[in-house]
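# Overview (structure and organization)
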Amino acid sequence: MAGRRLILLLAVAAAAFLASASGGRAGKSAQFDLLRLGWGSLAEQALHDRYRMATIAARLRLSAAGAPAAAERRRTRETAAGSDAAAAFAMPLGSGAYTGIGQYFVRFRVGTPAQPFLLVADTGSDLTWVKCRRPGPGNSSSSAAAAGRAFRPERSRTWAPISCASDTCVKSLPFSLATCPTPGTACAYDYRYKDGSAALGTVGTESATIALSGPAAPSKAKLKGLVLGCSTSYSGPSFEASDGVLSLGYSDISFASHAASRFAGRFSYCLVDHLSPRNATSYLTFGPNPAVSPASSSHASSSCPRAPRARDTPLVLDTRMRPFYDVSVKAISVAGEFLRIPRAVWDVDAGGGVILDSGTSLTVLAKPAYRAVVAALDKRLAGLPRVTMDPFDYCYNWTSPSIDDVVDLPKLAVHFAGSARLEPPGKSYVIDAAPGVKCIGVQEGPWPGISVIGNILQQEHLWEFDLKNRRLRFKRSRCTH
């Protein structure tokens, strides 16, 4: 989870968020409120994103090494998930969020009786874990745990340790420790990140409390059998303002896979503008989302304005890319002109590939793509005075009162397989960097290497990850309700 933009100052906001009451409305899906935490300087953001890229690269090397066995395990799980989804039930959308510039957080209740936590929502993580406190000495506590937001497994009737000799520990946890003195010893993990952060603890199964809605549905239910990490030792700035991580990655043990298998095999999220005012709402949904699912457009009345249809492209669940979500990019265009970028940049087999990641803010493009994109954008912004501002290569003086009238921002489009196009608003790739200064908000990545579509480029779009059918759907949205 390298690159987490977590700021100690926001621990207070996190506590207020946990204490706030949540609203709800009837629906056919499961929802967790999202919270944006604040972001420091752009230079700090770029540094954290580079750390995350290093962690992604290291994890992909590990995934590629174990891909054949993982593929067989995944096929077995997908068969089971499909049968569960046939009898899927739904959770409602709720409201309540903070906005800022940084990570997204979910309010999460786990254990019996349920204990509330604030977790990072991360599509690049496969283990859900919370800060833990066990009886006796030996715990390394952050301020959040010291204030009482620490999971107490001995107080939960549904906590069950996972054995270090189990398949889950030995085969599904690539970061588990090799030591296993007896079969009754709990599975231990040591999660290390490239920014120096770390989380160590033991793994068990637990139940999460989820809110339900619908005419015949109870208000709450238990989602059982979650794989949960209990971190008794943790360090680094990544975890100062959060209570842990909610894993949304493509993995046998992730929360996303577990919950989606019971809710029609899919989940979705919508990310508000990263400069939205405080209290703007964003959401994370498990189950069919009427705003983006295929059936939603077919039932629209002909007397009502037709909402824009969601765009659809394959979701490439490649075991070599686990736990990340690979997407099939075919090209990038600027102002309608397709850029000359080698096909290998988009091809996993040729050392490239593209992932969609909620935990990276600035989009990172492998060197050949980066150079083509920034050159095309800069060419069309050539009339503006250039300024220097780390960490960006291309920044412009935007102080003239009439500059927005004379500058026609070139349209950037990412072209996916199946003719789907992501056409983000200009503010998502020519971003506000300082008062009167805008920069091309894209970073250069190594080549060979993968490219990452970060959360700023994803903003103001609703994204649905249909794991059962291996489809990615997206459409423009204000992401507030």
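Right, let's walk through the structure included here. (Residues numbered from 1 in each chain as written. Predicted model: local features only at pLDDT ≥ 70, side-chain atom pairs only at ≥ 80, totals over all residues. Heavy atoms only, no water.)

### A closer look at the sheet that holds strand β22 (residues 412–416)
With respect to topology, four strands assemble into an open sheet ordered β17-β16-β22-β23, the strand pairing being antiparallel. Only two strands of the sheet have a single partner each, and these edge strands are β17 (337–338) and β23 (421–422). Its contacts with the sheet put helix α8 (residues 367–380) on β16 (329–334), β17 and β22, and the angle it makes with β16 is roughly 20°. (Pairing = 2+ DSSP bridges. Helix = DSSP H or I, 4+ residues; strand = E, 2+ residues; numbered from the N terminus. Contact = heavy atoms within 4.5 Å. Axes fitted to C-alpha atoms, helices over the stretch in contact; angles between N-to-C directions.)

### Focus: the pairing of β22
Residues in a regular strand point their side chains to alternate faces of the sheet. Burial analysis of β22 places five of its five residues in the buried class, the great majority of the element. Burial along β22 is two-sided: the residues Leu-412, Val-414 and Phe-416 and Ala-413 and His-415 are all buried. Sheet topology places β16 next to β22; five bridges connect them, and they run antiparallel. By the bridge assignment for β22, Val-334 is matched with Leu-412. Once β22 ends, the chain turns through four residues before running back antiparallel as β23, passing Gly-418 with a positive phi of about 85°. (Buried < 20%, exposed > 50% of the residue type's maximum accessible area, 1.4 Å probe, protein only.)

### As for the state of the cysteines
As enumerated under the stated definition, the model contains five disulfides in all. The disulfide that involves Cys-164 links it to Cys-180, with 1.9 Å between the sulfurs. Between Cys-164 and Cys-180 the disulfide shows an S-S torsion of about 65°. By sign, it is right-handed. Of this pair, Cys-164 sits in the loop between β7 (160–161) and α5 (167–172) while Cys-180 sits in the loop between α5 and β8 (188–192); the two residues are 16 residues apart in sequence, bridging distant segments of the chain. Assessed through its relative accessible area of 6%, Cys-164 is described here as buried. A disulfide bridge connects Cys-395 with Cys-439, and the sulfur atoms are separated by 2.0 Å. Measuring handedness by torsion sign, the sulfur bridge of Cys-395 and Cys-439 sits at about 105° and is right-handed. Within this pair, whereas Cys-395 is found in strand β21 (residues 392–397), its partner Cys-439 is found in strand β25 (residues 437–440), the two being separated by 44 residues in sequence. In this pair, the class of Cys-395 matches that of Cys-439, namely buried. Across the protein chain, the way the bonded cysteines pair up, counted in sequence order, is 1-6, 2-4, 3-5, 7-10, 8-9. (Disulfide = S-S within 2.5 Å.)

### Some thoughts on the side chain of Ser-451
Here Ser-451 lies in strand β27 (residues 451–453). If we skip the residues at most four places from it in the chain, Ser-451 touches Val-345, Gly-353, Val-354, Ile-355, Val-364, Leu-365 and Ala-366.

### Description of the side chain of Asp-466
Counting through the fold element by element, Asp-466 comes out in strand β28 (residues 461–466). Of the residues examined, Asp-466 reaches a relative accessible area of 0% and is grouped as buried. Only 3.4 Å separates the side chain of Asp-466 from the backbone nitrogen of Lys-468, close enough to count as a polar contact. At a separation of 3.0 Å, a polar atom in the side chain of Asp-466 contacts the side chain of Asn-469. Excluding its chain neighbours within four sequence positions, the residues that come into contact with Asp-466 are Gly-265, Arg-266, Leu-315, Arg-471 and Arg-473. (Polar contact = N/O pair within 3.5 Å; in protein donor to acceptor, adjacent residues only side chain to side chain.)

### A few points about the packing of aromatic side chains
On inspection of all chains with the given rule, the structure shows twelve aromatic pairs. Measuring from ring centre to ring centre gives 5.9 Å for Phe-151 and Trp-159, while their planes differ by 65°; the resulting arrangement is edge-to-face. Trp-159 matches Phe-151 in its accessibility class, with the two residues each being buried. Aromatic rings pair up to connect Phe-108, Phe-255, Phe-267, Tyr-269, Phe-286, Tyr-325 and Phe-465 into one cluster. The ring of Tyr-250 has Arg-322 lying over it, and the distance from NZ or CZ to the ring centre is 5.1 Å. Between Lys-438 and the ring centre of Trp-398, over which it is positioned, the NZ or CZ distance is 5.6 Å. (Phe/Tyr/Trp six-rings, centres within 6.5 Å; stacked < 30°, edge-to-face > 60°. Lys NZ or Arg CZ within 6 Å of the ring centre and 35° of its normal.)

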